[in-house]
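# What the coordinates show
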Amino acid sequence: MESRRLKHASLTLLILVSSSYGGHIGTASTLKMDQALLEFHNQLREEVQVYYTSDYCYECVYQHLATVKPRNQNASAIISTKFTLTVQVESQTRNESLCRWSQTYEEGGHYSIWIQMLEATSDPSCTHTVDKSPNNIYLPLLAAALQLAMIALLFVVVPYIYRRRHTSKYIKIICCPQYSVDNVTHAGETAQNTSKAKPVRLLSLDTFRGFALTVMVFVNYGGGGYWFFEHAPWNGLTVGDLVMPWFVFVIGTSVVLAFASMQRRGVSRLQLLRKITWRTAVLLMLGFCFINYSPRDGRLSWSWLRIPGVLQRLGFTYFVLSLLQTFWGQKEIPLRADPWWKPAQDVVLYWPQWLIIILLETLWLCITLLMPVPNCPTGYLGAGGIGDNGLYPNCTGGAAGHIDRWMFGDNMYRYPTCKELYHTTQPFDPEGLLGTINSIVMGFLGMQAGKIILFYKKKNVHILCRFVVWAVVLGISAAILSKCTRDGGFIPVNKNLWSLSFVMCMGCFSFLLLGGMYFVIDIKGWWGGQPFLYPGMNSIFVYVGHSLLGFYFPFSWEMHFLDSHWEQLFQSLWGTILWVLVAYLLYRKKFFLKI
C-alpha cells in the first residue's frame, strides 16, 4: 500500500516546473490529471522571478516557480489545480513585487500571463488570458452519481415489486374460495414465531458500519483522484477523513450492545477477557503482518517495516473500550424512584468510565500542549516543513510526532499527507501513539450511543432526541475549539493528530448519521440498509481483502488515460462495487468472518 501511495504522490506533485525561453514547452499531451499550463510573457526590460504558494498551506514560504528573461521572452510551468494558488511576480533588479494574484486554475487549461508596463501610469501589470479552455472535472462525478442513483432506485423498486406480488395472495383470498384464510394466517404465525426465535440485529448499526467501510474502500482506491476524497494535507476535513472515526464510533456502539447480550446469556467475566484478548491479538497481527506489508513492497526488512497501523489502532481501541465495559459496565438499570439525575442516568451510572476517559483526555491535552519538544515551540500543532513561515521545518506533528519518532524510529509511516504540500522531511504516522488516546475517546462516544439505545429501548423519541442533543453539544464544542476556521482555532480540526476538535466534530456527525439511519431503517422501515448492510456484516473480510488484493486485477489495473478523472474514478468505483458484490454473495451464503 505504501508503494502505491508513493507512486500516487509522485504523479500528483504540487508543482512540476519547467522553463523554456522563446516558446511553449507544454502541450495538451504533457498535462496529466489536476494539472494546468501557465506561460509567462515578459514584455519588460528586466528579468523577473515568479513565486507561488498554495492557499491551503498555512503561512507557507513562497516557492520559486519560474525565471522569465526580459524583452518578449517567456517561460512555462505546469502547476497543480487542486487548490487555489497565490502567484507573485518580483523584479530581480529592484527587489520588489510587481504584481500578485490568487486564482484557482482548472484541469487541462492553458493560461497566459502577460507581464507588461501600463502606458497610462507606467506601472507594471499582469494580464491573464485563456489559451485553451479547461476540462470540467465534475462531469465524471455527475455521470457516476446518475448511474449510482439508478442502481439505488433499483434497490428500492425491486423489493417493492416483490412485496406487491407477495401481497397478491391475500387479494386472491377474497376473490377465490379455494384459498383458506386459516392457512395463510397459520403461515404468518409460523413465520412470526421463527423470527422471534432469532436475535434481532440493529440493522442501522450494520448499515452505518458498511457505509463507512464502503467509503473507506473507495478512498483507499484513490477516490477517483479528487483531492476532497483523499485525506486533508494537514488541518481541515475531507471525505477521506470521515471514515475511520465513523468506524471507531461503530466499534464503541457494538461493544456495548454485544457485551450486554453476552452478559444476559450468562457469559462470565473471565470468558469475556479471553475473547477480548484473542480478538485484539488477531487484529494486531493482521495489521502488522498483512496490512502493513505487501509482496509489492519487495523483500521484508525490519529497517523500514511500519509498526503502527489502522488495524493496530482499531484493535487497541477495541481492547480498552472492552475493558471499560467489562469492569465498569452496568448489567441492568437499578430500580429507583425517579432520582434527580434520571435525565442523565446513561451518564451518571457509568461515572467510573467517564472518570477514566476524562483522565485520558487530560493526559492528551497536557502532553500535546505542555510537553517540551527540542527546537520546537511548546504546544506546536503544525505540519512543519515550509509552513509557519519555515520557522519549524523539523517539528511535524509537534509532541505527537516527536514521541512516535522516538519510539519507532524509521518503523513508521514515511509519506504523511503533509509531505507533498508542506515539503516536510520528517516521518509522521497518523496512527501514532498519542492519537490513540483520542481514538479511545471517539469510541467511547460510540459506547454512549449504545447505552442510549439500551436505556431507552422501545422509546424511539427519547433515543433520537438524545442523539440530537449529543450532536449539538459536540458540534458546538468543535466549533468553539476550531473557531469555525481551518487553521486559526485554539485546537484545529486535524485527522493526522486526531485532535480534540476533530473527535468532537466527528462525534457530532456520527450521532446524526446513526440517528438518521436508525429512524429510516429500524423505526420506519423505509430502507433495509442495502447494499451497505452486506459489507457491514463482513467488515473484517472486506477490509483485509481489499487491502491485500485491491491492487491486483480485476479490482484495479494499470491506467492509460492519466489526463482526466474518468478512468481513475471508474477504477475506484469498480473496485468498490466488486467488494460490495463479494460481501453480498457471502451474505447469501451466510458466511460471516468473525474473530
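What comes next concerns the included structure. Note that the structure is a prediction, hence the values are computed from the model and not measured.

### Things to note about the side chain of serine 556
Here serine 556 shows up in the loop between helix H16 (539-549) and helix H17 (566-588). Classification of serine 556 by relative accessible area gives buried; the value is 6%. Those residues in contact with serine 556, other than ones at most four positions away along the chain, are Gly550, Phe551 and Gln571.

### Side note on helix H14 (residues 500-523)
Taking 1.5 Å of rise per residue, 24 residues should cover 34 Å, and H14 covers 32 Å from first to last C-alpha, within 8% of that figure. One or two positions beyond H14, positive phi appears at glycine 525, with a value near 70 degrees.

### Digging into the nonpolar core
With 102 residues, the main nonpolar core has Phe249, Leu314, Tyr422, Phe467 and Phe511 as its most contacted residues. By size, the runner-up hydrophobic cluster in this structure holds 24 residues, among which are Val68, Leu85, Val87 and Ile115.

### A look at the packing of H16 against H17
With their axes 11 Å apart at the nearest point, H16 and H17 run at an angle of 135 degrees to one another. When the interaxial angle is binned, H16 and H17 end up oblique. Of the two elements, H16 crosses H17, and the hand of that crossing is right-handed. The residues of H17 that touch H16, namely those facing Phe541, Val542, Gly545, His546 and Leu549, are Trp579, Val582, Ala583 and Leu586. Split into classes, the residues belonging to the contact of H16 with H17 amount to seven nonpolar, two polar and no charged.

### Quick word on the packing of aromatic side chains
All chains considered together, the criterion is met by 33 aromatic pairs. Judged by centre distance (5.9 Å) and plane angle (15 degrees), the ring pair of tryptophan 354 and tryptophan 470 falls under stacked. Taken together, the residues tryptophan 354 in helix H9 (residues 351-370) and tryptophan 470 in helix H13 (residues 460-482) connect sequence positions 116 residues apart. Each member of the pair tryptophan 354 and tryptophan 470 is classed as buried. Here a set of aromatic residues connected by ring pairs shows up, and it is made of Phe208, Phe211, Trp246, Phe249, Trp354, Phe444, Phe467, Trp470, Phe511, Trp527 and Phe532. Above the ring of tyrosine 318, the side-chain terminus of arginine 279 is found at 5.1 Å from the ring centroid. One residue, lysine 483, lies across the ring of phenylalanine 490, its end atom 4.3 Å from the ring centre.

### As for a positive patch on the surface
Together, Arg264, Arg265, Lys275, Lys457, Lys458 and Lys594 make up a positively charged patch on the protein surface. By secondary structure assignment, the location of lysine 458 is in the loop between helix H12 (433-455) and H13.

### Let's talk about the state of the cysteines
Here a disulfide denotes one covalent bond, and it connects the sulfur atoms of two cysteines. Overall, the coordinates contain three disulfides when judged by the stated rule. Linked covalently through their sulfurs, cysteine 99 and cysteine 126 form a disulfide whose S-S length is 1.7 Å. With cysteine 99 in strand E7 (residues 97-103) and cysteine 126 in strand E9 (residues 124-132), this pair connects stretches of sequence that are 27 residues apart. Of the two residues, cysteine 99 and cysteine 126, neither departs from the other in class, the shared state being buried. There is a disulfide in this structure between cysteine 376 and cysteine 395, and the S-S distance comes to 1.9 Å. When the S-S torsion is -100 degrees, as for the bridge of cysteine 376 with cysteine 395, the disulfide is left-handed. Of this pair, cysteine 376 sits in the loop between H9 and helix H10 (398-408) while cysteine 395 sits in the loop between H9 and H10, and the two are 19 residues apart along the sequence. Cysteine 395 carries the same exposure label as cysteine 376, and that label is buried. Looking at the protein chain, its bonded cysteines, counted consecutively from the start of the sequence, adopt the pairing 1-2, 3-4, 5-6.

Analysis parameters
Residues numbered from 1 in each chain as written. Predicted model: local features only at pLDDT ≥ 70, side-chain atom pairs only at ≥ 80, totals over all residues. Heavy atoms only, no water. Helix = DSSP H or I, 4+ residues; strand = E, 2+ residues; numbered from the N terminus. Buried < 20%, exposed > 50% of the residue type's maximum accessible area, 1.4 Å probe, protein only. Contact = heavy atoms within 4.5 Å. Expected span 1.5 Å × (residues − 1). Core = buried A, V, L, I, M, F, W, Y, C linked by side-chain atoms within 4.5 Å. Axes fitted to C-alpha atoms, helices over the stretch in contact; angles between N-to-C directions. Parallel < 35°, antiparallel > 145°, perpendicular 65-115°, else oblique. Left-handed = near helix turned anticlockwise from the far one by under 90°. Nonpolar A, V, L, I, M, F, W, Y, C, P; charged D, E, K, R; others polar. Phe/Tyr/Trp six-rings, centres within 6.5 Å; stacked < 30°, edge-to-face > 60°. Lys NZ or Arg CZ within 6 Å of the ring centre and 35° of its normal. Patch = residues over 30% accessible without salt bridge, like charges linked within 9 Å, V, L, I, M, F, W, Y side chains within 5 Å. Areas by Shrake-Rupley, 256 points an atom, 1.4 Å probe, with all protein chains shown as cover. Salt bridge = Lys/Arg side-chain N within 4 Å of Asp/Glu carboxyl O. Lys, Arg positive; Asp, Glu negative; His and termini not counted. Charge placed at Lys NZ, Arg CZ, Asp CG, Glu CD. Disulfide = S-S within 2.5 Å.

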